[in-house]
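One-letter residues, chain by chain:
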Amino acid sequence: MLLTIVDYGVGNLRSISKSLEKANSESNLNYSIKISSDMTDIKKSDKLVLPGQGSFKACKEGINNIDGLHNELNESVLNKKKPIFGICAGMQLFASIGHEETKTEGLNWISGEVVKLKMSSEDLKIPHMGWNEIKIKNTSPVFKNLTNNDHVYFIHSYEFTPKDKSVISLTTDYGKNIVAAVSFRNIFGAQFHPEKSQRTGIGILSNFLKI
Amino acid sequence: MLKNRIIPCLDVSKGRVVKGINFLELKDAGDPVEQAAFYDQSGADEICFLDITASHENRETIIEIVKRTAEKCFVPLTVGGGIKNIQNIRDLLLAGADKVSINTAAVNDINFIQEASKKFGTQCMVIAVDAKKVSENKWEIFTHGGRNNTGINAVDFAKQAEDYGAGEILLTSMDKDGTKSGYDIDLLKKVTTNVKIPVIASGGVGNLDHFYDGITLGGASAVLAASIFHYGEYSIKEAKEYLNSKKVPVRL
């Protein structure tokens, strides 16, 4: 089995691959974890991970700049229904539109927008950075075996607001409820960083490998 | 609710931890990777490596350490010391760092913050501000371990760094560093009330009340310490339990 972490020039890729390797060995699975931007790898993959760091616009440009990547992602995810896991800005890219820097079209897999975090309280810093607690909204094959108030690590200044609220698997409280994870068919994403969230994060990645 | 973070900082020179510790659990206490893994297991919210020699030949060494650490550490890892250009940052991120801490390069040219944050995102840009009090209510930035006064106002610089794309400020009081007499609360307060981004307090921790003061009086989002943890005076667990008992939100 092959899992490819899509390398489009951004992200703490090695950090992600090391946690997936740990999840893989702890679950006695047999995945090869590869970091690649090569279309043949992505085509061959059973599962994909879409990392993301930096602005929505920069991430989308990163994808567009690799010849054929956008099309192949659509083909793999929408037609072949391969499971994909988006991390942070990688999850945000699932949206129809992002508003960071300038209005940018996303992958448009989950209808909704990515907007700047607006805090009612002056005391709340932006980015929302550090360990925060999750609240379980619905059960999903990836976001399961979790407990309310488990801690995960966030760093972000923008939030995903999906149109259909039933895709929301987890939320977190930062002055208000923020989407922490989404699940829609074969598409899964976390606003937080499972690769930096110790046991809880490894558990989520194991769930993704097992589905 | 978002928790305040406790960050142990490891000073690394030529691949070895400089301020030593004597944890019996560790086979090789001078190995930064072993120590990072130990802190990861002990409840550290993040780990910070500071390459204090940061010479050219040391870049390879620190990258090797970061690579090995990424295999054992599943909390965010920040690496600082001697970062001069975009390539240095990319090398560290590819090795397994999650954030980089930039000091002199940002002080020399504020545009470097913008260039780097556009490329890698503000979330991985920690700007280290080393400040020394020069007169009442006035702090200036010093570089080269406190030897070189730049004449730049530290509070103004922190604000400017935020505007240019810093995701976080690592604020060290050069007056307090090593004194064990607590953080410079006035400096901390001044910076945290002037920027929207999180501020990590650094320099001066000698007991657990200093963490409490840094967060509650100084407004720090995270507190960093070195020797108090390395010499086993207090464990991270003790620090967190103490803060929790005083109603400061921490991840237990």
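Above: the structure in question.
I will try to describe carefully the structure that is included in this document. (Residues numbered from 1 in each chain as written. Chains lettered and ligands numbered in written order. Predicted model: local features only at pLDDT ≥ 70, side-chain atom pairs only at ≥ 80, totals over all residues. Heavy atoms only, no water.)

### Quick word on the overall build of chain A
Tallying secondary structure elements over chain A gives six helices and 13 strands in all. The C-alpha atoms of chain A give a radius of gyration of 16 Å, which matches the 17 Å a tight globule of 211 residues would have. Expressed as lengths along the three principal axes of its C-alpha atoms, the size of chain A is roughly 50 × 40 × 30 Å. Here the analysis covers contacts within chain A between residues at least 6 apart in sequence; of these, 71% occur between residues at least 24 apart. When the accessible surface of chain A is summed, it comes to about 8,000 Å², and 45% of that surface belongs to carbon and sulfur atoms. Here chain A holds 26 positive side-chain charges and 22 negative ones, and the gap between their average locations is 4 Å. (Helix = DSSP H or I, 4+ residues; strand = E, 2+ residues; numbered from the N terminus. Rg over C-alpha atoms; globule rule 2.2 N^0.38 Å. Contact = heavy atoms within 4.5 Å. Areas by Shrake-Rupley, 256 points an atom, 1.4 Å probe, with all protein chains shown as cover. Lys, Arg positive; Asp, Glu negative; His and termini not counted. Charge placed at Lys NZ, Arg CZ, Asp CG, Glu CD.)

### What about the sheet that holds strand β9 (residues 151-156) of chain A?
Residue and element names in this part refer to chain A. Spatial strand order, β2-β1-β3-β4-β13-β12-β11-β8-β9: nine strands in an open sheet with mixed pairing. Taken across any chain shown, the strands that pair with only one partner, and hence form the sheet edges, are β2 (32-36) and β9. Adjacent strand axes in the sheet meet at a mean angle of 30° when their direction is disregarded. In the sheet, strand β8 (residues 128-136) pairs with β9 via six bridges, with the strands oriented antiparallel. Looking at β9, one finds that E133 is bridged to H151. Helix-sheet contacts for helix α6 (residues 198-210) involve β1 (2-6), β3 (47-50), β4 (84-87), β8, β9 and β13 (187-190), and the interaxial angle to β3 is about 145°. (Pairing = 2+ DSSP bridges. Axes fitted to C-alpha atoms, helices over the stretch in contact; angles between N-to-C directions.)

### Focus: the interface of chain A and chain B
Every contact between the two is made by 34 residues of chain A and, on the other side, 35 residues of chain B. In total, about 3,000 Å² of surface goes out of reach between chain A and chain B, with carbon and sulfur atoms giving 51% of it. When the shortest N-O distance is used, the salt bridge between K18 of chain A and E71 of chain B registers 3.8 Å. Taken together, the links from chain A to chain B amount to 24 residue pairs in polar contact (both at pLDDT 80 or more). (Buried area = accessible area lost by both parts, 1.4 Å probe. Salt bridge = Lys/Arg side-chain N within 4 Å of Asp/Glu carboxyl O. Polar contact = N/O pair within 3.5 Å; in protein donor to acceptor, adjacent residues only side chain to side chain.)

### With respect to the pairing of strand β9 (residues 168-173) of chain B
Residues and elements named next belong to chain B. Among the six residues in β9, six count as buried, and that is most of the element. Covered by surrounding structure in β9 are E168, L170 and T172 together with I169, L171 and S173, the residues of both alternating faces. Two elements, strand β6 (residues 125-135) and β9, share six bridges in a ladder whose sense is parallel. Opposite V126, over in β9, you have E168 as the bridge partner. Bridge count for β9 against strand β10 (residues 199-202) is four bridges, and the pairing is parallel. Each residue of the ladder has a partner; that of L170, found in β10, is I200. (Buried < 20%, exposed > 50% of the residue type's maximum accessible area, 1.4 Å probe, protein only.)

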